[in-house]
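# Remarks on the overall topology
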Amino acid sequence: MRCCGSPTTSTAAEPAAIRAQDVVNAVLFREILKPLAQGLGPLAEVALGAVADELFVRPRR
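Attention here is on the structure that accompanies the text. (Residues numbered from 1 in each chain as written. Predicted model: local features only at pLDDT ≥ 70, side-chain atom pairs only at ≥ 80, totals over all residues. Heavy atoms only, no water.)

### Remarks on the overall build of the chain
Scanning the chain from terminus to terminus reveals 2 helices and 0 strands. Residue burial in the chain is summarised as follows: out of 61 residues, 15% are buried. Residue pairs at least 24 apart in sequence account for 41% of intrachain contacts in the chain once pairs closer than 6 positions are excluded. (Helix = DSSP H or I, 4+ residues; strand = E, 2+ residues; numbered from the N terminus. Buried < 20%, exposed > 50% of the residue type's maximum accessible area, 1.4 Å probe, protein only. Contact = heavy atoms within 4.5 Å.)

Shown next as structure tokens:
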């Protein structure tokens, strides 16, 4: 990316790349805690998925 008033070129992270990393983090979080969720039942797996999505994937305000 180049600013019209500056001779230097800077790089910025692409939004799609950031989203892909967020999804990878959410999947990794789920996999790490999967044994705990399995011990607590199917509702715990759903709750874990919701927490992972909230922490890593949904846009921050």
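### Observations regarding the packing of aromatic side chains
The final tally for this structure, using the stated rule, is 1 aromatic pair. Centre to centre, the rings of Phe 29 and Phe 56 are 5.5 Å apart; their planes meet at 55°, and the pair counts as tilted. With a gap of 27 residues between them, Phe 29 in helix α1 (residues 15-40) and Phe 56 in helix α2 (residues 42-57) connect regions that are remote in the sequence. (Phe/Tyr/Trp six-rings, centres within 6.5 Å; stacked < 30°, edge-to-face > 60°.)

### With respect to the pattern of salt bridges
One pass over the full model with this rule turns up 2 salt bridges. The partner of Asp 53 in a salt bridge is Arg 30, and the shortest N-O contact between them spans 2.5 Å. Of this pair, Asp 53 sits in helix α2 while Arg 30 sits in helix α1, placing them 23 residues apart in sequence. Accessibility expressed as a relative area gives 28% for Arg 30, which makes it partly exposed. (Salt bridge = Lys/Arg side-chain N within 4 Å of Asp/Glu carboxyl O.)

### Concerning α2
Given 3.6 residues to a turn, an α-helix orients residues that are three or four positions apart in the same direction. With 16 residues, α2 extends 22 Å between its outermost C-alpha atoms, agreeing within 8% with the 22 Å of an ideal straight helix rising 1.5 Å per residue. Inspection of α2 places Ala 44, Leu 48, Gly 49, Ala 52 and Val 57 among the buried residues, and these make up the whole buried set. For α2, the angular spread of buried residues about the axis comes to 145°, placing them on one side. Exposed and oriented more than 90 degrees from the buried face of α2 are Leu 43 and Val 46. (Expected span 1.5 Å × (residues − 1). Arc of directions from axis to C-beta.)

### Quick word on the environment of Ala 47
You can see Ala 47 is positioned in helix α2. With 10 residues separating them in the primary sequence, Ala 47 and Ala 37 have C-alpha atoms 8.7 Å apart.

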